[in-house]
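Observations on the three-dimensional arrangement
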Amino acid sequence: MADKAGPHSDLARAQTALSQARHVACLTGAGISAASGVPTYRGAGGALWDGLKVEDWASPEGYARQPERVWRWYSDRRVQLGGISPNAGHAALAEIERRIAGRGGTFTLATQNIDALHQRAGSRNVLELHGSMLRIRCCVCEHARQVGHEPIEEIPACPQCGARMRPAVVWFGEMLPQDVWTAAAEAAAECDVFLTVGTSAVVYPAAGLVEMAAATGGTTIEINLEPTPASRLVDIAIQGKADEVLPELVSGTG
Ligand code: BV8
Ligand code: ZN
């Protein structure tokens, strides 16, 4: 748990930095959705899928090899997502955005998550680095569409070109959307405070955002259940649950 002892605790230093910040950027990962019941990929409680690590199947090659199984995995997750809600960690980040925007600053939330829980909690400036489970797109042409939480048992064919549709997520070996990545990199390089929350900080280029923020002099703060490769780069590393630490951070921040 975070050291809450006094004015010089990590939490108090983080609160002070956030109170004074004008431009804040944040990177989130699966850990922030853990308290909502979304399994993480790695770390304590990390989920395997049929005994495989995410790197083994979340790729264009994995989909080409086993399209039905990979499709069903995303379809099941999408259906489950309909029955869960954002947690206090998501809500706290939305509150930080309102406060910073209210005093004329900027708040950029770059998430690796594909669950859209930040938007449902009220965050507005969200950059989905790895896409969204609630969108599908054609494997070949530009066609894409939003989908809800209803099951889609069969892989649909693209209405424009007839090719197979796929989840509109970024798999290993694929580029992140250029405009989304550029906006995230700029926010990380230009912020006064950078928060990294609930991510194992091993998947690139997303994990590189922490390095960019650290290199350009903003105060960097990590909130994670356990130490990560980012822990030694940041100014303040707070070990704890995002859904507990973030509300505490907000409650002591102007
Ligand atoms: C690319 C999307 C250019 C769909 C996902 C060797 C070295 C370095 C890099 C590479 C390398 N080999 C290959 C690469 C590149 C590769 C990469 O980074 N690989 C790593 C794993 C070695 N990256 C890519 O391929 C990227 N593209 O580089 O493009 C390119 C292109 C072509 C050719 C050349 C170059 C694309 C990466 C996109 C990956 N997409 N999936 C889906 O999700 O289904 S990855 C997957 O990992 C998820 O999307 C997730 O978003 C992402 C990151 O995971 P985290 O969010 O961090 O979650 P994780 O479970 O790992 O950690 C949770 C943490 O929370 C834990 O630390 C835990 O302790 C903590 N926690 C738990 N509960 C709580 C908590 N913390 C706080 N509170 C709690 N309650
Ligand atoms: Zn098509």
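Predicted model only: the values in this text are computed from it and were never measured. (Residues numbered from 1 in each chain as written. Chains lettered and ligands numbered in written order. Predicted model: local features only at pLDDT ≥ 70, side-chain atom pairs only at ≥ 80, totals over all residues. Heavy atoms only, no water.)

1. Observations regarding the packing of helix α5 (residues 88-102) against helix α9 (residues 242-251)
This is how the line gets drawn: For every element, the axis is a line fit to its C-alpha atoms; helices are fit only across the contacting stretch, and the angle between N-to-C directions ranges from 0 to 180 degrees. Secondary structure elements follow DSSP: runs of H or I of four or more residues count as helices, runs of E of two or more count as strands, with numbering from the N terminus. In this scheme, roughly parallel covers angles under 35 degrees and roughly antiparallel covers those over 145, while 65 to 115 is roughly perpendicular and the rest are oblique. In this scheme, a crossing is called left-handed if the near helix is turned counterclockwise away from the far one by less than a right angle; it is called right-handed if the turn is clockwise. Contacts were defined at the residue level, with two residues in contact if any of their heavy atoms lie within 4.5 Å. In this count, Pro and Cys sit with the nonpolar residues alongside Ala, Val, Leu, Ile, Met, Phe, Trp and Tyr, while Asp, Glu, Lys and Arg are called charged and the others, Gly among them, polar.
One way to put it is that α5 packs onto α9 with a least axis distance of 7 Å and a crossing angle of 25 degrees. Relative to α9, the element α5 lies roughly parallel. In this structure, α5 crosses over α9, and the sense of that crossing is left-handed. Between α5, through Ala-88, Gly-89, Ala-92, Leu-93, Glu-95, Ile-96 and Arg-99, and α9, the contact on the second element is made entirely by Ala-242, Asp-243, Leu-246, Pro-247 and Val-250. Residues of the contact of α5 with α9, tallied by class, amount to 8 nonpolar, 1 polar and 3 charged.

2. Some words on the coordination of the zinc ion (ligand 2)
Put simply, the rule reads: Water is absent from the atoms considered, so a metal site may look incomplete; donors are defined as N, O and S atoms within 2.8 Å of the metal, or 3.2 Å for Na, K and Ca. Angle rules define the geometry names used: all angles between 85 and 135 degrees makes four donors tetrahedral, while opposite donors over 155 degrees apart and all other angles between 65 and 115 make four donors square planar and six octahedral, leaving every other case irregular.
Surrounding the zinc ion (ligand 2) are the protein donor atoms Cys-138 (SG), Cys-141 (SG), Cys-158 (SG) and Cys-161 (SG), at 2.3 Å. Considering all 4 donor atoms around the zinc ion (ligand 2), angles at the metal cover 100 to 120 degrees and the coordination shape is tetrahedral. Donor residues binding the zinc ion (ligand 2) come from one chain and are separated in sequence as C-x2-C-x16-C-x2-C.

3. Some details on helix α4 (residues 67-81)
Condition: Expected helix span is computed as 1.5 Å times (number of residues minus one). Categorising residues by exposure relies on relative accessible area from a 1.4 Å probe, with only protein chains included: less than 20% of the type maximum marks a residue as buried, more than 50% marks it as exposed, and the intermediate range marks it as partly exposed.
The end-to-end C-alpha distance of α4 is 21 Å, a good match for the 21 Å that 15 residues give at a rise of 1.5 Å each. Within α4 the residues assigned to the buried category are Pro-67, Val-70, Trp-71, Trp-73, Tyr-74, Ser-75, Arg-77, Arg-78 and Leu-81. Here the buried face of α4 lies against α2 (54-57), α3 (60-65), α6 (117-121), β4 (131-138) and β6 (165-169).

Treat this as a map of the structure, not an account of what it does.
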